[in-house]
Amino acid sequence: MAELPEGHMGDGFFATSLSKVVGLARKNSIWPLPFATSCCGIEFMATMGSHYDLSRFGSERVGFSPRQCDLLMVMGTIAKKMGPVVKQVYLQMAEPRWVIAVGACASSGGIFDTYSVLQGIDQVIPVDVYVPGCPPRPEAIIDGVMRIQDLVEKESIRRRDSDQYRGLLESYGIQ
Ligand code: SF4
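Residues numbered from 1 in each chain as written. Predicted model: local features only at pLDDT ≥ 70, side-chain atom pairs only at ≥ 80, totals over all residues. Heavy atoms only, no water.

Peer 1: Could you give an account of the overall build of the protein, with specific residues and numbers?
Peer 2: Of the regular secondary structure elements, the protein holds six helices and six strands. Computed over the C-alpha atoms, the radius of gyration of the protein is 17 Å, within 12% of the 16 Å expected from 2.2 N^0.38 for a compact globule of 175 residues. Taken along its principal axes, the extent of the C-alpha atoms in the protein is 65 × 40 × 25 Å. When the 175 residues of the protein are sorted by exposure, 41% land in the buried category. Sequence separation of at least 24 residues holds for 73% of the intrachain contacts in the protein that already meet a minimum separation of 6. Counting every atom, the protein has about 9,600 Å² of accessible surface; 56% of that belongs to carbon and sulfur. (Helix = DSSP H or I, 4+ residues; strand = E, 2+ residues; numbered from the N terminus. Rg over C-alpha atoms; globule rule 2.2 N^0.38 Å. Buried < 20%, exposed > 50% of the residue type's maximum accessible area, 1.4 Å probe, protein only. Contact = heavy atoms within 4.5 Å. Areas by Shrake-Rupley, 256 points an atom, 1.4 Å probe, with all protein chains shown as cover.)

Peer 1: Explain the packing of aromatic side chains to me, using residue names and the numbers behind them.
Peer 2: Under the defined criterion, the tally for this structure stands at zero aromatic pairs. Positioned over the ring face of Trp98 is Arg160, at 5.0 Å from the centre of the ring. (Phe/Tyr/Trp six-rings, centres within 6.5 Å; stacked < 30°, edge-to-face > 60°. Lys NZ or Arg CZ within 6 Å of the ring centre and 35° of its normal.)

Peer 1: Which residues make up the site of the ligand, and what values do they have?
Peer 2: Neighbouring the ligand are Ser38, Cys39, Cys40, Gly76, Thr77, Ala104, Cys105, Phe112, Gly133, Cys134 and Pro135. Here the residues of the shell around the ligand sort into seven nonpolar, four polar and no charged. (Near = heavy atom within 4 Å. Nonpolar A, V, L, I, M, F, W, Y, C, P; charged D, E, K, R; others polar.)

Peer 1: Please provide a residue-by-residue account of the sheet that holds strand 6 (residues 129-131), values included.
Peer 2: One open sheet holds the four strands; their spatial order is 3-4-5-6, and the pairing between them is parallel. The open sheet has two free edges, formed respectively by strand 3 (32-36) and strand 6, since each of these has just one partner strand. Each strand axis lies, on average, 20 degrees off the axis of its neighbour in the sheet, ignoring direction. Where strand 3 and strand 4 (residues 71-75) come together, five bridges link them in parallel fashion. From the neighbouring strand, Pro34 faces strand 4, where its bridge partner is Met73. (Pairing = 2+ DSSP bridges. Axes fitted to C-alpha atoms, helices over the stretch in contact; angles between N-to-C directions.)

Peer 1: I'd like a rundown of the nonpolar core, residues and numbers included.
Peer 2: With 22 residues, the main nonpolar core has Leu72, Val74, Tyr90, Ile121 and Ile125 as its most contacted residues. Contributing elements (two or more residues each) for this core: strand 3, strand 4, helix 3 (83-92), strand 5 (98-102) and helix 6 (163-170). A per-element tally of this core places helix 3 first, with three residues. Non-local contacts of Leu72, meaning those with residues more than four positions away in its chain, are made with Leu33, Phe35, Val86, Val89, Tyr90, Met93, Trp98, Val99, Ile100 and Ile125. Grouped together as the second largest cluster of nonpolar side chains are 19 residues, Cys40, Leu54, Val102 and Ile141 included. (Core = buried A, V, L, I, M, F, W, Y, C linked by side-chain atoms within 4.5 Å.)

Peer 1: Any chance you could break down the layout of surface pockets for me, citing the residues and the numbers?
Peer 2: The volume enclosed by the largest pocket comes to roughly 250 Å³. Elements with a minimum of two residues in the lining of the largest pocket: helix 1 (18-27) and helix 5 (138-154). It is helix 1 that provides the largest number of residues to the lining of the largest pocket, a total of three residues. When the residues that make up the lining of the largest pocket are grouped by side-chain class, the tally is two nonpolar, three polar and seven charged. (1 Å grid on protein atoms, 1.4 Å probe; cavity = no way out; pocket = protein on both sides within 12 Å on 5 of 7 lines; lining within 4 Å. Points joined across faces, edges and corners; volume = space filled by probe spheres on them.)

Structural data, given as structure tokens:
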């Protein structure tokens, strides 16, 4: 059951701000796009299974078209030559979009401190939440999704039009 946002309640009425209503709806209907390249993807499969059941958080609708998803979950080792592919998928997602780096490899390259592995996907796209672990257990992945829910719930509907957000995208060469 979703909790009511802050607002004013009286006999037969409840008033709150548009941002809070939109945040509440978005928070409980996040559609993940799993970008899984290696072992962390297996943990995501467990996260979606009946025991951990990510659908409890409104995220049962996993999509493989960037145009229909708003949460990019990058799981696994990302080789440097995969960096532009991750970025292209991100660019094809509509705003508002969020990103989780799941596991040590996606967050920092993990144990693969080599010439061929991207040392963290935040070198190519902005990341909202990092999930530690090699691999992270499903509980940690769920915790990461819940941290995203916190961000989604509190985000102003004007944030994506702000100079600060545009500046963030420009720092990644995204117009
Ligand atoms: S963080 Fe560990 S478990 Fe996850 S993809 Fe890298 S090596 Fe595999």
